[in-house]
Amino acid sequence: MYSPATSEIWSELQRLAKQTESDQIIDYFSRQPDRFNKMSLKVSGLFLDYSKNKITAQVLDELQALAAQSPLADKIQQMLAGQKINTSENRPVLHTALRNRSNTPVLVDGVDVMPGINAALKHIQSFSNAIRSGHWLGYSGKPIRNVINIGIGGSDLGPNMVCRALLEYQHPKLKFYFVSNVDSSHVQKTLKNLNPEETLFIISSKTFSTQETQLNAQTSKKWFLESCQSMEQDISQHFVAVSTNIEAARNFGIAEENIFEFWDWVGGRYSLWSSIGLPIALSVGFEGFLELLEGAHEIDQHFATAPFAENLPVILALIGIWHINFQGADTQAVIPYDQALHQLPAFLQQLDMESNGKSVDVAGRSVDYATGPVVWGQTGSNGQHAFFQLLHQGTRFVPIDFIACLNRDTQTPEHNVALLTNMLAQAEAFMVGSDKNQQDYSYCPGNKPSNTLLIDDLTPKNIGALIALYEHKVFVQGVIWNINSFDQWGVQLGKKLALEMSLGNKTDHDPSTAALLAMVRAKI
């Protein structure tokens, strides 16, 4: 049975890691004058420069061989074809079908899922057009002006991130809010000063039973009914649901025609392409939402057809594997030099850590090699004045993905020049360091690796391509590590224990938890 760490290629990569241990990245450029051209690639609206990594041509060849000996080629085709590659839950993984703009059939148990997906898109189209045009009226005859998405995890992070990233495309008469935290201050602060007669709530929950979402939804419903002194039937004009549990949504008071469908083969962290993306369609318009899907579809096609040596997600994944498994990296920093992308690190954190934070392989065997990294970051240039000090002079090894848009801020170009030159200067400083003869407190050793990912412009299409790139990167790493990137049993355990504790069904707590729980209940 396949296991990457037992292969000769893995051993050769370990040998190369020791052999190149004292190499300086900057020296590779003098040895290979065309290194930048050979180690950069443009796909759709994305350009990746990966030349600033401590990777020789030989290392890159071995990493490509590692991918070739893995089940990756087969797994890509199996995923796209609707086979049940989420083996622990016996489900297909079909976020790619949601953005299948070629509309080629995708069969699950012999049934083409594309007609259902297209029907869901038409539902999103008609509803978003009605809201954005002002034709959809609240119970008192006023158009909707405020949209509140209630969800958590993938039902919040994806739509929230995309709406913030595409703020320039937002409908001028609509305001968007995202409520996720079970802390009541989040929902109370959001509802304060809003007119309920002009407010629409989207309850996004696959099962319609997630504790945090249900509490926030019930609080919002109570606020609406009390503020408007309205009747239960008025809810249908102000509450819609995105869920697979139609009965539970109806019991909440939502009209069945206002329940947007999606499927159990859509993982939460991959769900923004589905009806979970309804806030995106409301914000940027249905055509903008289709452009988002189109950008992702272009990356899907590239991923499915490009040779591994020219495959953008595969290259990004293999660089990460080199850092994690052979260079000792525990974390991965994501630094977008664009304020519009300020929520991208949090989105990628869930995408990567919930997918590949695993310690057993697909056969249930414990793995003896590192898997998913701790993903973190924030926008540049703020990070330069926060944590870059540790990255430059600290003892931690932290690879960095720098991300920026080229065509931005035409009204104040001096800001854009300063932003982009700051990013390029930091990437160069991490690689080159300071004067090697200056061995004192100001010395920066350099030789710190980074990728630079440039986006032509921050459009819906390019955002779709960017997200799909990272989705496939995570998938590639999961396949090579022989783990299932599409379940999250650790998350399920926490949910189960929290529910049992809230209901009082679990009494055999450890002494610490029992004492803390007693303190909590004494205050309730």
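These numbers come from a predicted model, not from an experiment.

Caption draft 1: Quick peek at the overall build of the protein. In terms of helices and strands, the protein carries 20 helices and 13 strands. Over its C-alpha trace the protein gives a radius of gyration of 24 Å, about what one expects of a compact globule, namely 24 Å for 524 residues. By its C-alpha atoms, the protein is 75 × 60 × 55 Å across when sized along the principal axes. The buried share of the protein, reckoned over its 524 residues, is 53%. Intrachain contacts of the protein at a sequence separation of at least 6 include 74% that bridge at least 24 residues.

Caption draft 2: Inspection of the pattern of salt bridges at higher detail. As enumerated under the stated definition, the model contains 15 salt bridges in all. Close ionic contact of Asp109 with Lys84 constitutes a salt bridge, the shortest N to O distance being 3.2 Å. Taken together, the residues span a long stretch of sequence, with Asp109 in the loop between strand E3 (107–108) and strand E4 (111–112) and Lys84 in the loop between helix H5 (72–81) and helix H6 (95–98) at a distance of 25 residues. With a relative accessible area of 62%, Asp109 lands in the exposed category.

Caption draft 3: Molecular detail of the packing of helix H9 (residues 184–191) against helix H10 (residues 211–228). As a packed pair, H9 and H10 sit with axes 10 Å apart at the nearest point and diverge in direction by 35 degrees. As H9 packs across H10, the resulting crossing turns out to be right-handed. Here Val187, Gln188 and Leu191 of H9 come into contact with H10, specifically with Asn216, Thr219, Ser220 and Trp223. Grouping the constituent residues of the contact of H9 with H10 by class yields 3 nonpolar, 4 polar and no charged.

Caption draft 4: View of the packing of aromatic side chains. Inspection of every chain in the model, using the stated rule, returns 21 aromatic pairs. Taking 4.5 Å as the distance between ring centres and 15 degrees as the angle between the ring planes, the aromatic pair formed by Phe201 and Phe239 counts as stacked. Note that Phe201 is positioned in strand E7 (residues 199–204) and Phe239 in strand E8 (residues 239–242), a separation of 38 residues in sequence. What makes Phe239 buried here is its relative accessible area of 0%. Ring pairs connect the aromatic residues Tyr139, Phe201, Phe208, Trp223, Phe224, Phe239 and Phe252, which therefore count as one cluster. Lying across the ring of Phe29, Arg35 places its NZ or CZ 5.5 Å from the centre. Across the ring face of Trp273, the terminal group of Arg99 is positioned such that the distance to the ring centre comes to 4.5 Å.

Rules used throughout
- Residues numbered from 1 in each chain as written.
- Predicted model: local features only at pLDDT ≥ 70, side-chain atom pairs only at ≥ 80, totals over all residues.
- Heavy atoms only, no water.
- Helix = DSSP H or I, 4+ residues; strand = E, 2+ residues; numbered from the N terminus.
- Rg over C-alpha atoms; globule rule 2.2 N^0.38 Å.
- Buried < 20%, exposed > 50% of the residue type's maximum accessible area, 1.4 Å probe, protein only.
- Contact = heavy atoms within 4.5 Å.
- Salt bridge = Lys/Arg side-chain N within 4 Å of Asp/Glu carboxyl O.
- Axes fitted to C-alpha atoms, helices over the stretch in contact; angles between N-to-C directions.
- Left-handed = near helix turned anticlockwise from the far one by under 90°.
- Nonpolar A, V, L, I, M, F, W, Y, C, P; charged D, E, K, R; others polar.
- Phe/Tyr/Trp six-rings, centres within 6.5 Å; stacked < 30°, edge-to-face > 60°.
- Lys NZ or Arg CZ within 6 Å of the ring centre and 35° of its normal.

Remember, this is a structural readout, not a statement about activity or role.
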